[in-house]
Amino acid sequence: MATVKRFSVAIDEDKCKGCLICVHMCNTRGGKILKESDKKTALGGTKPIPEGDCIGCRWCELYCPDFAVNVEEQGDA
Ligand code: SF4
Ligand code: SF4
């Protein structure tokens, strides 16, 4: 039987400066789930938020210049 892996994506608000590179990568190469929110990070930037099911491609994590993104596999659905 086929299984579907689930992933979580977390943004460290203390490290994130709100450059939104992760949002760009997610929407151009990833699963199009990271969006701009109306919240600010500790550094005053726009906080990205995930909306929908992360596919675990990790483009956001790889391209974040501040190591503020953490993608984790949650196990099979
Ligand atoms: S790429 Fe990193 S620093 Fe930039 S908005 Fe995304 S999480 Fe924040
Ligand atoms: S791992 Fe891929 S789908 Fe998930 S938030 Fe990052 S870029 Fe988007």
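Computed from a predicted model, the values in this text were never measured in an experiment.

Draft legend 1. Here's a closer look at a nonpolar patch on the surface. Nonpolar side chains collect at one region of the surface, where Ile21, Leu62 and Tyr63 lie side by side and expose about 300 Å² of accessible area between them. Residue position: tyrosine 63 is located in helix α2 (residues 59–63). A relative accessible area of 39% means that tyrosine 63 is categorised as partly exposed.

Draft legend 2. Spotlight on the site of ligand 2. Residues in close proximity to ligand 2 include Cys26, Gly31, Ile33, Leu34, Cys54, Ile55, Gly56, Cys57, Arg58, Cys60 and Val71, which together make up its full environment. Its residues assigned to classes, the shell around ligand 2 shows 8 nonpolar, 2 polar and 1 charged.

Draft legend 3. Structural view of the environment of valine 23. Mapping valine 23 onto the fold places it in helix α1 (residues 21–28). With relative accessibility at 12%, the residue valine 23 sits in the buried group. Discounting chain neighbours no more than four positions away, the residues touching valine 23 are Leu34, Lys35, Glu36 and Pro48.

Cut-offs used in this document
- Residues numbered from 1 in each chain as written.
- Chains lettered and ligands numbered in written order.
- Predicted model: local features only at pLDDT ≥ 70, side-chain atom pairs only at ≥ 80, totals over all residues.
- Heavy atoms only, no water.
- Patch = residues over 30% accessible without salt bridge, like charges linked within 9 Å, V, L, I, M, F, W, Y side chains within 5 Å.
- Areas by Shrake-Rupley, 256 points an atom, 1.4 Å probe, with all protein chains shown as cover.
- Salt bridge = Lys/Arg side-chain N within 4 Å of Asp/Glu carboxyl O.
- Helix = DSSP H or I, 4+ residues; strand = E, 2+ residues; numbered from the N terminus.
- Buried < 20%, exposed > 50% of the residue type's maximum accessible area, 1.4 Å probe, protein only.
- Near = heavy atom within 4 Å.
- Nonpolar A, V, L, I, M, F, W, Y, C, P; charged D, E, K, R; others polar.
- Contact = heavy atoms within 4.5 Å.

That's the geometry; what it means functionally is another story.
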